[in-house]
Amino acid sequence: MLNLSLSGLALASLASANMGAYPKFGEKQFSQTFHDGYNILKYMSSLAPYSDRKAYGVDRNTPDGCEVDQAFMIMRHGERYPDYSGFGDLYVETLNQMRANVTTFKGDLAFMNEWTYYVSDSNLYSQESTSGPYAGLLDAFSRGSEYRARYGHLWNGQSVVPIFTSGYERVIETARYFGQGFFGYNYSTSAAINIIPEAATQGADSLTPTCAAGVLEEYSCYEDRFYSTFPPLEVAAARLNKQNPGLELTAKDVNYLMQMAGFELNVRAYTPWANAFTLDEWVAFSYIFDLSYYYCFGPGSNYQMANGQVYANATRVLMEEGPKKSGSMFWSFAHDANITPVIAALGLDTPAQHLPNDTVQFPSTYQVSDIVPMGGHLTLERMTCNATVASKAGVYVRAVINEAVVPWTSCQSGPGYSCPLAKFSAIVDKAPKFDETCETNSSYPQYLDFFWNYNTTTNLNYQTGDISSQLTDTDV
Ligand SMILES: *[C@@H]1O[C@H](CO)[C@@H](O)[C@H](O)[C@H]1NC(C)=O
Ligand SMILES: *[C@@H]1O[C@H](CO)[C@@H](O)[C@H](O)[C@H]1NC(C)=O
Ligand SMILES: *[C@@H]1O[C@H](CO)[C@@H](O)[C@H](O)[C@H]1NC(C)=O
Ligand SMILES: *[C@@H]1O[C@H](CO)[C@@H](O)[C@H](O)[C@H]1NC(C)=O
Ligand SMILES: *[C@@H]1O[C@H](CO)[C@@H](O)[C@H](O)[C@H]1NC(C)=O
Ligand SMILES: *[C@@H]1O[C@H](CO)[C@@H](O)[C@H](O)[C@H]1NC(C)=O
Ligand SMILES: *[C@@H]1O[C@H](CO)[C@@H](O)[C@H](O)[C@H]1NC(C)=O
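Residues numbered from 1 in each chain as written. Chains lettered and ligands numbered in written order. Predicted model: local features only at pLDDT ≥ 70, side-chain atom pairs only at ≥ 80, totals over all residues. Heavy atoms only, no water.

Looking at an unreviewed UniProt entry, one finds the protein chain named 3-phytase, with Penicillium frequentans as its source organism. Taken from UniProt, the Sequence similarities (unreviewed entry) comment for the protein chain reads in full: "Belongs to the histidine acid phosphatase family." (UniProt positions renumbered as here; feature names shortened; annotations may be inferred.)

Structure (structure tokens):
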């Protein structure tokens with residue numbers, strides 16, 4: 001049995017290897033401490049380095065009597081620098097104003113007297129990070145090598161395996177590093193990077209589809225419209241201003257500084273900004289992000305669910321066709337806002353009621369840090385299983401989000417709380433359909449095709465020449 005995860009379960013089964021050896025006096029078999037709820041990575045939302053999702057106790061390993069015969073993953077690019085426009089430019093402007101207004105920082109900002117901003121070269125904006133323990137390309141490579149150990153049996157050592165990436169520099173680099181982790185020495189000949197342009201003219205034949213009918217909604221949703229109603233950010237501004245006469249931070253500035261802190265960890269081992277704000281303030285900050293994903297890129301938007309239906313449906317069709325006809329591995333790479341719609345279309349993580357805009361939801365039913373941190377990924381497994389006492393022999397589906405098995409509330413009758421394929425298909429069928437909902441120009445593709453018609457050439461496997469500056473968010 002593979003024990004790749006460091007979950008409590010993996011530790012428990014390691015412990016059981018020493019069965020018979022009772023703990024020494026004062027030692028105990030199980031820790032009584034869980035720090036997940038106080039881990040600040042869970043409150044820096046989608047800007048923070050990757051962290052595994054909080055699991056529900058279902059074993060990540062394949063249930064006895066089952067074999068994974070098809071694996072699908074859609075992964076967000078790894079840890080990265082902020083974009084410039086609307087992010088880095090605002091962080092720098094806020095910092096410059098603070099430094100213009102205050103000569104010597106005191107109190108919770110005293111570290112600013114020594115601290116320097118972490119984007120040393122403006123050409124790094126938007127790119128994957130390569131430094132520090134949370135480096136993005138390191139994350140991509142590690143995921144690839146971990147998945148080789150987990151899913152390597154799906155490769156026959158002969159066939160050329162396509163890897164699909166949307167046409168955006170940091171996403172492409174993530175796909176390449178994942179491929180090198182997975183295929184190792186065989187990457188240059190056995191993997192074939194397929195770059196699917198992000199252009200709207202791709203219609204639904206895309207990892208980044210654009211639901212034309214929803215573009216206006218998405219545009220108006222993009223504003224930081226959710227932050228103003230949350231008192232903790234104003235409290236933080238007042239506290240820091242009081243400690244530093246001359247400083248006039250607003251709640252909006254605090255929002256920028258907190259974003260900047262999350263990004264710092266993608267580049268450096270340590271951010272002093274984490275301690276400049278209280279955990280209560282971080283809870284408010286992360287809930288603001290939960291709201292914006294929920295309403296702008298998640299289950300709160302019918303148009304977004306139609307975008308997500310494209311990948312959900314294509315995956316379903318591949319599972320129905322099976323590995324012999326259609327292939328056994330589909331590794332895809334895109335952005336956070338392309339993955340949250342898929343999860344919504346699959347009916348996972350959808351709260352019973354819309355999230356409240358004016359109070360933090362406790363307990364939280366839609367926590368973005370558990371869905372799309374940097375390097376976040378949804379993995380779907382098609383499993384062929386023998387009969388058990390409780391379930392018939394057949395084909396079942398499991399969803400794994402950031403290495404935690406996430407069963408469907410309405411479908412969990414299979415081994416390891418999996419869902420029979422036919423019922424999974426019925427769930428996907430309930431999602432709003434791209435072709436019916438989106439009114440996308442009928443001259444553009446209405447369905448995803450590249451999973452069936454891909455290239456096995458390897459000429460895109462490596463970057464040739466320097467990567468150009470991404471200061472203007474260039475599609476490739
Ligand atoms: C299913 O049962 C068959 C027949 O007993 C056995 O050969 C096979 O290994 C089993 N599959 C799994 C995944 O355990
Ligand atoms: C994989 O790489 C090794 C080392 O270069 C090589 O010996 C082997 O033939 C390769 N396998 C395939 C299937 O290309
Ligand atoms: C700095 O001071 C100026 C002038 O009072 C003010 O307009 C600005 O909002 C202040 N900014 C910060 C971040 O303190
Ligand atoms: C929260 O705000 C969004 C966007 O303004 C709105 O569509 C939604 O209905 C609001 N939710 C609730 C529960 O009022
Ligand atoms: C649809 O796309 C075609 C090009 O393929 C273009 O000529 C036409 O103007 C587009 N229609 C709309 C409504 O955008
Ligand atoms: C599902 O995807 C397949 C392949 O792209 C397509 O032929 C089919 O029309 C799609 N079905 C729906 C309901 O979108
Ligand atoms: C395959 O390559 C051809 C020729 O370069 C290109 O037109 C096509 O878009 C590629 N298909 C995919 C899925 O990348």
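Moving on from the coordinates now.
S.K.: Please explain the UniProt feature "active site" (unreviewed entry) in the protein chain as it appears in this structure.
M.R.: The residues that UniProt annotates with the feature "active site" (unreviewed entry) are H77 and D336. Their sequence span is 260 residues, while the largest C-alpha to C-alpha distance among them is just 8.1 Å; these annotated residues converge on one region. You can see H77 is positioned in the loop between strand 1 (66-76) and helix 2 (84-101). Filtering out sequence-adjacent residues up to four positions away, H77 remains in contact with E128, R170, V171, T174, A334, H335, M374 and G375. On the secondary structure map, D336 appears in helix 12 (residues 336-345). The residues contacting D336, other than those within four sequence positions of it, are S46, R76, Y293, P341 and V372. Here the side chain of D336 touches Y293 through a polar contact of 2.6 Å, side chain to side chain. (Helix = DSSP H or I, 4+ residues; strand = E, 2+ residues; numbered from the N terminus. Contact = heavy atoms within 4.5 Å. Polar contact = N/O pair within 3.5 Å; in protein donor to acceptor, adjacent residues only side chain to side chain.)

S.K.: What should I look at first to understand the site of ligand 6 in this one?
M.R.: Close to ligand 6 lie Q309, N313, V317, K433, Y447, L448 and W452, which account for all nearby residues. Note that an oxygen atom of ligand 6 is positioned 3.0 Å from one of the side-chain N or O atoms of Q309. Residue L448 places a main-chain N or O atom 2.8 Å away from an oxygen atom belonging to ligand 6. When isolated, ligand 6 has an accessible area of 370 Å², and the protein chains bury 69% of it. Each residue belonging to the shell around ligand 6 can be placed in one class, and the counts come to 4 nonpolar, 2 polar and 1 charged. (Near = heavy atom within 4 Å. Areas by Shrake-Rupley, 256 points an atom, 1.4 Å probe, with all protein chains shown as cover. Nonpolar A, V, L, I, M, F, W, Y, C, P; charged D, E, K, R; others polar.)

S.K.: Where do I start with the site of ligand 1 in this structure?
M.R.: Around ligand 1, the structure places G65, C66 and N386. In this structure, N386 approaches ligand 1 through a side-chain N or O atom, which is 2.4 Å from an oxygen atom. Protein burial of ligand 1: of its 360 Å² of free accessible surface, 30% is covered by the chains.

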